[in-house]
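Structural overview
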Amino acid sequence: MDIATLREKHADHWTRACAIRALAMDAVQAANSGHPGMPMGMADVATVLFEKHLKFDASAPKWADRDRFILSAGHGSMLIYALLHLTGFEDMTLDQVKNFRQWGAITAGHPEYGHVAGVETTTGPLGQGISNAVGFAMAEESLRARFGAAIVDHRTWVIAGDGCLMEGIGHEAIGLAGMQKLSKLVVLWDNNNISIDGKISLSDVTDQRARFAAAGWKVLACDGHDPVDIDRALTEARTSDRPVLVDCKTHIGFGSPKKQDSAGAHGSPLGPDEIAATKAVYGWNHGPFEIPADILKAWRAIGSRGSAARAAWETRRAKLSDARQAEFDRQMTLGAPKRLAATIRALKKQNSEIQPKVATRKASEMVLEVVNPIMPETIGGSADLTGSNNTRTGDLGIFNAENRKGRYVHYGIREHGMAAAMNGMVLHGGVRPYGGTFLCFTDYARGAMRLSALMGVPTVYVMTHDSIGLGEDGPTHQPVEHLAICRATPNTWTFRPADLIETAEAWELALSSERTPSVLALSRQNLPTVRTLHTAKNLSAQGAYVLREAEGKRQAILMATGSEVEIALKARDLLQAEGIGTRVVSMPCMELFAAQDEAYRKRILPAGPVRVAIEAAVRQPWDRWLLGERGREAKAGFVGMDSFGASAPAERLYAEFGITAEAVVAAVKSRL
């Protein structure tokens, strides 16, 4: 539909949509950076969505049963900022809009979760938002099955662009959503045929409608500038028994005389003259950031439209028993159940006595066997490695369209999609997801794992086969640099437990975390129980602790993680036999150790003794503990990897790469 027809036949809609466009143009110009074209193109779709379809109440942005709106095309952030301001979200003031992309403002260049009420997830890395949305929709299905449709019954709406659909993670998400028949998920495709480089035809010939249909989606289409046609498509989308793609044909930079339908409208300000010309086309005779009172009043009415639905929901919620309400609130806010700590302590005590020799991937399964029954909010899964990751316990059942009470997801070979979906589940609330693959394949999930950390989302990554100890699969599957990569990521806990006891402690911390994701790096090979003396205290919470003290004068400190703690203990025995007093420090989580006060770190790593770190990975993360923290080069050694691995049985690999107790002894003695 052209602008003249819109102004004539849909005047009220047109002025409301133009308020979005004007704010987007003005804010991008004031910042001298940003993406005005997408908000200008999708303003009509967004106006119809917020006015007639999105269930929300601007005065209650955390209402548990609100619809979720995700701007996957996060570069068009002024679209959501304008909508939040216009509909009356309290913290999205006009000053915040005016300070778009400036230091201290909540209006970041791309929408960031936790900065702004109404922003459900951090987007900008294309494909992440649509993939998060799959997790949101899965969480909604799971919670509806647990608490009933009277308490949980809402949709997830997504605006996605061509970039989101081109990214590989988008393909993973589309396939997963179609297989799961997530009927409450609606993706509004901003089909404007433009990317930064120019027309989409420069790089892609995909028939997106056919692609989505082939993946099990219902596919609809509309004129993205005709409010009646948009309303028709969105109304039909709400009746589907499958996820829905709505192909919204739009013009990027809609109304700009010189930049509409060009890459020039995508990622830079229009310029004062072009903004003035565009506003003239719109009939928008108002200054920068000026919204007439009658238009703002209409938008504020849209923002309060959901208050009656929210009040009715609160009435229904109040009819639940006090215990049921408390449980709903606990799960939605990701609070750990009171029984978790006692359950973990009991498991530790039992196994300190039994002292099993099991792989830490198996130990993880043993922990989950006691945790999953007391945490109905956990949803486990694996990227097609269930039997290797040991992520499924017998009580979970399979989550699918036939069984929404199931709590185990077969993600298929979709590591990145799995990670992003899990982020979405956590962000939705009510779900504590964990998902498994091999540690080496964190490479495939890296984008979503980084966003877990950036958003402060406590997703749990169960990463097994954590070293050359996996053996014959060889260097393609043997992680060497991956622990360093995980540890280099801010706000991430990387656990590499040495036995079942440390594994249980790691799980307790991961499932109690409120703002930090966890990576559990777990062994394929069996490991002995090294914590044979039961302690109620979670020692792993300190990051590192003295596992065995030196006998006699302390001359050496051996630091190790995971499977190499066993090697450190054997080396200690050899050194002690020669009269060299040796302390062994287990360091299951460097990040938590770094967070301890200096007095504690000094007790664990005092100045003086030789320090040798043992880990079947690269040295890089260890230099702080070897050279810093009162250490020095002349007395610091490392026994580990400085190359990729090889294909052979694990025992042969450890010998060939020199990760042995004898090598540790030599490293100590050469530095005494």
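Just above, that's the structure.
Residues numbered from 1 in each chain as written. Predicted model: local features only at pLDDT ≥ 70, side-chain atom pairs only at ≥ 80, totals over all residues. Heavy atoms only, no water.

1. A few points about helix α10 (residues 227-237)
- Turning to α10, its buried residues are Pro227, Ile230, Asp231, Ala233, Leu234 and Ala237. Take α10 and look down its axis: the buried residues cluster within an arc of 165 degrees, on one side only.
- Between the side-chain oxygen at the start of α10 and the backbone nitrogen of Val228 there is a gap of 3.0 Å, and the oxygen is on Asp226. (Buried < 20%, exposed > 50% of the residue type's maximum accessible area, 1.4 Å probe, protein only. Helix = DSSP H or I, 4+ residues; strand = E, 2+ residues; numbered from the N terminus. Arc of directions from axis to C-beta. Polar contact = N/O pair within 3.5 Å; in protein donor to acceptor, adjacent residues only side chain to side chain.)

2. Brief notes about the pairing of strand β10 (residues 432-438)
- The buried count for β10 comes to 7 of 7 residues, which makes it a mostly enclosed element.
- Inspection of the sheet shows β10 paired to strand β11 (residues 460-464) by 5 bridges, in the parallel sense. Counted as the bridge partner of Gly435 is Tyr461 from β11. (Pairing = 2+ DSSP bridges.)

3. Here's the deal with the pattern of salt bridges
- Taken as a whole, this structure holds 39 salt bridges when the rule is applied.
- Here Glu566 makes a salt bridge to Lys570, at a shortest N to O gap of 3.4 Å. Pair noted here: Glu566 and Lys570 are both in helix α22 (residues 564-577), with a separation of 4 residues, about one helical turn.
- By relative accessible area, Lys570 is classed as partly exposed at 46%.
- Connected via shared salt-bridge partners are Asp466, Arg487, Arg496, Glu564 and Glu615. (Salt bridge = Lys/Arg side-chain N within 4 Å of Asp/Glu carboxyl O.)

4. Comments concerning the nonpolar core
- Within the largest apolar cluster, 68 residues are counted, with the highest numbers of intra-cluster contacts made by Phe50, Phe69, Met78, Leu79, Leu188, Val246 and Trp299.
- The dominant element in this core, judged by the number of residues it contributes, is helix α2 (residues 11-31), at 12 residues.
- Leaving out residues up to four positions away in the same chain, Phe69 has contacts with Leu49, Phe50, Leu54, Ile80, Leu83, Glu120, Trp157 and Ile159. (Core = buried A, V, L, I, M, F, W, Y, C linked by side-chain atoms within 4.5 Å. Contact = heavy atoms within 4.5 Å.)

5. Digging into the sheet that holds strand β1 (residues 68-71)
- Read from one edge to the other, the open sheet built from 5 strands follows the order β1-β2-β3-β7-β6, with strand pairing classed as parallel. Looking at which strands have only one partner, the edges of the open sheet turn out to be β1 and β6 (218-223). Taking each pair of neighbouring strands and ignoring which way they run, the sheet shows an average axis angle of 20 degrees.
- Note that strand β2 (residues 156-161) and strand β3 (residues 185-191) share 6 bridges and pair parallel. From the neighbouring strand, Trp157 faces β3, where its bridge partner is Val186.
- Each of β1, β2, β3 and β7 (244-249) is contacted by helix α3 (residues 37-53), which is oriented at about 150 degrees to β3, the strand it contacts most. (Axes fitted to C-alpha atoms, helices over the stretch in contact; angles between N-to-C directions.)

No statement about biological role is implied by the geometric values presented.
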